[in-house]
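A closer look at the structure
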Amino acid sequence: MIRGARKTAHFKLVIVNGRAYMEKYKPSLPARDQFTLWGILQLLRWYPGRLPDLELMFDCDDRPVIRRKDFQGPRKPPPPPLFRYCRDDWTLDIVFPDWTFWGWPDVNIKPWKQSLKDIKEGNERTVWEERVPYAYWRGNPYVCPSRQDLLKCNVSDKYDWNARLYIQNWNEQAKAGFKQSNLANQCTHRYKIYVEGWAWSVSEKYIFACDSMTLRVRPNFYDFFARGMVPLKHFWPIRDNSKCTSLKFAVEWGNNYTDKAKGIAEAGSQYIHEDVKMEYVYDFMFHILNEYAKLLRFKPTVPAGAVELCPEVMLCNATGRHKEFMIESMVESPSESAPCTLPLPYEPAELQAFLDLKANSTRQVEMWENEYWQNQNRRN
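Thresholds applied
- Residues numbered from 1 in each chain as written.
- Predicted model: local features only at pLDDT ≥ 70, side-chain atom pairs only at ≥ 80, totals over all residues.
- Heavy atoms only, no water.
- Domains from an automatic or database assignment.
- Contact = heavy atoms within 4.5 Å.
- Buried area = accessible area lost by both parts, 1.4 Å probe.
- Salt bridge = Lys/Arg side-chain N within 4 Å of Asp/Glu carboxyl O.
- Polar contact = N/O pair within 3.5 Å; in protein donor to acceptor, adjacent residues only side chain to side chain.
- Helix = DSSP H or I, 4+ residues; strand = E, 2+ residues; numbered from the N terminus.
- Nonpolar A, V, L, I, M, F, W, Y, C, P; charged D, E, K, R; others polar.
- Buried < 20%, exposed > 50% of the residue type's maximum accessible area, 1.4 Å probe, protein only.
- Patch = residues over 30% accessible without salt bridge, like charges linked within 9 Å, V, L, I, M, F, W, Y side chains within 5 Å.
- Areas by Shrake-Rupley, 256 points an atom, 1.4 Å probe, with all protein chains shown as cover.
- Pairing = 2+ DSSP bridges.
- Phe/Tyr/Trp six-rings, centres within 6.5 Å; stacked < 30°, edge-to-face > 60°.
- Axes fitted to C-alpha atoms, helices over the stretch in contact; angles between N-to-C directions.
- Parallel < 35°, antiparallel > 145°, perpendicular 65-115°, else oblique.
- Right-handed = clockwise from strand over helix to strand, strands pointing away.

Examining the domain arrangement of the protein
Looking at the assigned domains, one finds that the protein contains domain 1 (1-104 + 279-329), domain 2 (108-277) and domain 3 (343-379). Computed from C-alpha atoms alone, the centre-to-centre distance between domain 1 and domain 2 is 29 Å. Of the residues lining the interface, 25 residues belong to domain 1; the matching set on domain 2 comes to 23 residues. For the pair domain 1 and domain 2, the summed buried area comes to about 2300 Å², and 65% of that belongs to carbon and sulfur atoms. In this structure, K205 engages D98 in a salt bridge whose closest nitrogen and oxygen atoms are separated by 3.2 Å. Our count for the contact surface shared by domain 1 and domain 2 stands at 11 residue pairs in polar contact (both at pLDDT 80 or more). Elements that contribute at least two residues to the side of domain 1 that touches domain 2 include exactly α8 (278-294) and α10 (320-329). For the side of domain 1 that touches domain 2, a count of residues per class yields 13 nonpolar, three polar and nine charged.

Laid out in structure tokens, this is it:
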């Protein structure tokens, strides 16, 4: 089953007796494989001696590839276990924290612990009531049709959909020293838009951390933490097929019900700052690798062509911002406490109740939005 995942995997990871080994199959996009492996080494330093022997395949690309329908039916093979950063409801890839938790040097995004600290300081510069009362988004719109569709909602001579949208050119930003991409300086609007890219986007956690009410365009993909967030509690849902009207109403509603909008903003931000802090990211990694290892029906061994991963060697071979971020995200000493206790799985009725809550909250927003536009049409 594991060998079946090699088709798209970038590397195989093997852990034996607390030591990590890697067999590389192909290069990933810049920094992804390097900082994912660096993060796993930090987990081994955070919880030394606690991880079991295991062997896994990792795909560093964006979109999930293990399609559920390909493995349904009595004569179908079992699905190959493949780790990656996101999945959707039609795939079976195993979701794992993305590389940016240890930094993304190519675009000057610092490791998560420092990024959270910087964003928190940025939040404190401008209280919510004094922020710009519009929806803000900055990013690359050319990676998917949904983002290009979003650009139609930008302010123009004819329309104002309450959105202020900016195109991010990373090549130009690199030449300018990333002056316009400082995450801590982007918490200046009451509302921030999250829209997926080619798949999920690493921008999600930074947007939610901003103390702005997140306007979340209905996603198709999810990462390891987002499914615990609830519409109207942590974010405001935006229709994917009618973004402009949906954004217009969301901002109008928030500016009319400022206490409620501020409450959603704070709850979403708190979820990220408290429940997705680095200690809990390591706990998630610890538990998912332990649960995965329990399913192995063989004893992992070090492949003949594998290379042992050593943080000191990786650090020695790194240069520039890569080395800087590795030093910044390195675990200096083991955790003083044990991993958090893994809760029992949801009972089917509990899970359904939670899913119903999310669906009903989204429907409630759509009802309010429909009433708003019906009233607007009557006035016109």
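Points about the side chain of S361
The residue S361 is located in helix α11 (residues 348-379) in this model. According to the relative accessible area criterion, S361 is buried, its value standing at 11%. Separated by 2.8 Å, the side chain of S361 and the backbone oxygen of L357 make a polar contact. Leaving out residues up to four positions away in the same chain, S361 has contacts with V230, P231 and L232.

With respect to a nonpolar patch on the surface
Where nonpolar side chains cluster on the molecular surface, the patch consists of Y346, L351 and L355 and spans about 300 Å² of accessible area. The topology assignment puts Y346 in the loop between α10 and α11. Classification of Y346 by relative accessible area gives exposed; the value is 53%.

A short note on the pairing of strand β1 (residues 11-16)
By the criterion of burial, β1 is predominantly enclosed, with six of the six residues buried. In β1, alternate side chains face the same way, and those of F11, L13 and I15 on one face and K12, V14 and V16 on the other are all buried. Connecting the antiparallel pair β1 and strand β2 (residues 19-24) is a turn made up of two residues, with N17 showing a positive phi of about 55°. Of the pairings in the sheet, the one linking β1 to strand β3 (residues 54-58) comprises five bridges and is antiparallel in character.

Some remarks on the packing of aromatic side chains
As enumerated under the stated definition, the model contains 33 aromatic pairs in all. Geometrically, the ring pair formed by W102 and Y282 is tilted, given 6.3 Å between the ring centres and 50° between the ring planes. Residue W102 is found in the loop between β5 (94-95) and α2 (112-125), and its partner Y282 is found in helix α8; the two are separated by 180 residues along the sequence. Of the residues examined, W102 reaches a relative accessible area of 1% and is grouped as buried.

Observations regarding the sheet that holds strand β6 (residues 132-139)
The strand order across the open sheet built from five strands is β7-β6-β8-β9-β10, with neighbouring strands paired in parallel fashion. Looking along the sheet, the strands with just one partner apiece sit at the ends: β7 (163-167) and β10 (236-238). The mean inter-strand angle of the sheet, taken between neighbouring strand axes irrespective of direction, is 25°. Where strand β8 (residues 189-194) meets strand β9 (residues 213-217), four bridges bridge the pair, whose relative direction is parallel. Across the sheet, residue K192 finds its bridge partner in β9, namely T214.

Some thoughts on the packing of helix α1 (residues 32-46) against α8
Helices that pack against each other are described as a pair by the angle of their axes relative to one another and the distance between those axes. For the pair α1 and α8, the least separation of the axes is 10 Å and the interaxial angle reads 90°. Regarding the angle of α1 to α8, the classification is roughly perpendicular. Note on element contacts: α8 touches α1 through E279, Y282, M285, F286 and L289, opposite G39, I40, Q42, L43 and W46. The residue inventory of the contact of α1 with α8, partitioned by class, reads seven nonpolar, two polar and one charged.

Overview of the pairing of β8
Burial within β8 is extensive, with six of its six residues counted as buried. With three bridges joining them, β6 and β8 adopt parallel strand pairing. The residue bridging Y136 from the neighbouring strand is K192, located in β8. With respect to chirality, the unit in which β8 leads through helix α5 (residues 203-208) into the neighbouring parallel β9 is right-handed.

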